[in-house]
Amino acid sequence: DLLVVGSANADLVIGVERRPAPGETVLGSDLAVHPGGKGANQSLAAARLGARTALLARVGDDGHGRLLLESQRAAGVDTDGVLVGGAPTGVALITVDPSGDNSIVVSPGANGRLTPEDVRAAAPLLAAARVISVQLEIPPATVAETVRRRGPETRLVLNPSPPAPLPAEVLAACDPLVVNEHEARYILGDGAGRTPQDWAPALLALGPRSVVITLGAAGALVADSRTDSLDHLVSPEVEAVDTTGAGDAFTAALAWRLGRGDALREAAAFAVRVGAAAVTARGAQESFPTLEEVDAL
Ligand code: ADP
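Residues numbered from 1 in each chain as written. Predicted model: local features only at pLDDT ≥ 70, side-chain atom pairs only at ≥ 80, totals over all residues.

Moving on, we come to the site of the ligand. Surveying the vicinity of the ligand reveals 18 residues, the closest of which are Thr214, Ala217, Ala246, Gly247 and Gly275. Within the residue set of the shell around the ligand, elements represented by two or more residues are helix 9 (246–259) and helix 10 (264–278). Looking at the shell around the ligand residue by residue, the class counts come to 10 nonpolar, 8 polar and no charged. (Near = placed C-beta within 6 Å. Helix = DSSP H or I, 4+ residues; strand = E, 2+ residues; numbered from the N terminus. Nonpolar A, V, L, I, M, F, W, Y, C, P; charged D, E, K, R; others polar.)

On to the UniProt feature "domain: Carbohydrate kinase PfkB" (unreviewed entry) in the protein chain. When the UniProt feature table is mapped onto this chain numbering, "domain: Carbohydrate kinase PfkB" (unreviewed entry) sits at residues 1–290. In residues 1–290, helix accounts for 34% and strand for 24%; the two terminal C-alpha atoms are 18 Å from one another. (UniProt positions renumbered as here; feature names shortened; annotations may be inferred.)

To continue, consider the pairing of strand 7 (residues 102–107). Here strand 7 lies mainly on the outside; 0 of its 6 residues are buried. Pairing of strand 6 (residues 90–96) with strand 7, which is carried by 6 bridges, proceeds in the antiparallel orientation. Note that in strand 7 the partner of Thr95 across the bridge is Ser103. Counted along the chain from strand 6 to the antiparallel partner strand 7, the turn is 5 residues long, and its residue Gly100 has a positive phi close to 95°. (Buried ≥ 20, exposed ≤ 12 C-beta atoms within 10 Å, placed from the backbone. Pairing = 2+ DSSP bridges.)

A few words on the UniProt feature "binding site: K(+)" (unreviewed entry) in the protein chain. According to UniProt, the positions carrying the feature "binding site: K(+)" (unreviewed entry) are Asp242, Thr244, Ala278, Ala281, Gly283 and Ser287. Taken along the chain, the residues just named run across 46 residues; in space they keep tight, none of their C-alpha pairs more than 9.4 Å apart. Checked against the element boundaries, Ala278 lands in helix 10. Once you skip the residues sitting within four places of it in the chain, Ala278 turns out to touch Gly245, Ala246, Ala249, Ser287, Phe288 and Pro289. Structurally, Ala281 can be placed in the loop between helix 10 and helix 11 (291–295). Beyond its immediate stretch of four places on either side in the chain, Ala281 contacts Val241, Asp242, Glu286 and Ser287. (Contact = placed C-beta atoms within 7 Å.)

For the rest of this paragraph, the subject is the sheet that holds strand 3 (residues 32–36). Read from one edge of the open sheet, 4 strands run 3-2-6-7, paired in mixed fashion. Two strands in the sheet have a free side with no partner beyond their single neighbour: strand 3 and strand 7. Averaged over all pairs of adjacent strands, the angle between strand axes in this sheet comes to 20°, irrespective of strand direction. Against the sheet, helix 2 (residues 63–75) contacts strand 2 (9–15), strand 3 and strand 6, and its axis sits at roughly 55° relative to strand 3. (Axes fitted to C-alpha atoms, helices over the stretch in contact; angles between N-to-C directions.)

Within the element layout of this structure, Gly261 appears in the loop between helix 9 and helix 10. For Gly261, a count of 9 C-beta atoms within 10 Å translates into the label exposed.

Core analysis: the largest hydrophobic core is formed by 79 residues, its most contacted members being Ala253, Leu254, Ala268 and Val274. For this core, the element with the highest residue contribution is helix 10, accounting for 10 residues. (Core = buried A, V, L, I, M, F, W, Y, C linked by C-beta atoms within 7 Å.)

Here is the structure:
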């Protein structure tokens, strides 16, 4: 039902007392290796909720790639579309200091080698999907090819993260464009109004059929050009432990429910609950809830 076209990374995390200055070496904690990347996060989040999910991505022929494939398969994701080789698996080198602040270096690796040709070769996967969810941790030409090759009935959900310029052709295909506050400000630039209520119509004016703006603990705003509506969905109050991956869990849940035929507002009301559940536990993929855990909120 859901096809995620996106990145797969190994997150390599070391806790440090402080970051090294140039030329300096510091000692850190034991290394923790977690499967991550926005694409792999989303497909895993959807599968954990019970969605029939496939992932189109590229990993290296290495241990990190195998870790990603294994975690996806264990969650029930169809990994036939995960290509192997061409470059090392994408890696995020993350240091975390005692205050919880991160410094991150990303090596896109194999994610940068997911090509438009790979998308064309996956035509059956694209044709079978009710919804395709895309982010921007893969080459822009690959995103554009995905948009062009989607089936006539296939709905496209795009989270422009990390923020980058979007061609009009891609913007026009989004239904919805899903952004957090940072991404909304990037896209709107100096033209951004003061509040998210101002951003929603400004984003719609750029071409997407609908827009969802996630607002952290405040939930999400949903704007639909078809119904000319603007709705605020509040998030359940939870004790936030770690917000890593909340946006990915949100978008995966939204895309899955849209594919099942939910209206945008209903799908977003479900997604804010999934996002809230995801912040109550540590980590990204480790924190993604099952349907039972969402219902228990
Ligand atoms: P991102 O992770 O992309 O920055 P947000 O921070 O907006 O995105 O979070 C995405 C969704 O996760 C929100 O819409 C909300 O449903 C949920 N969420 C995030 N932080 C919290 C929080 N502190 N309490 C409850 N829900 C949260």
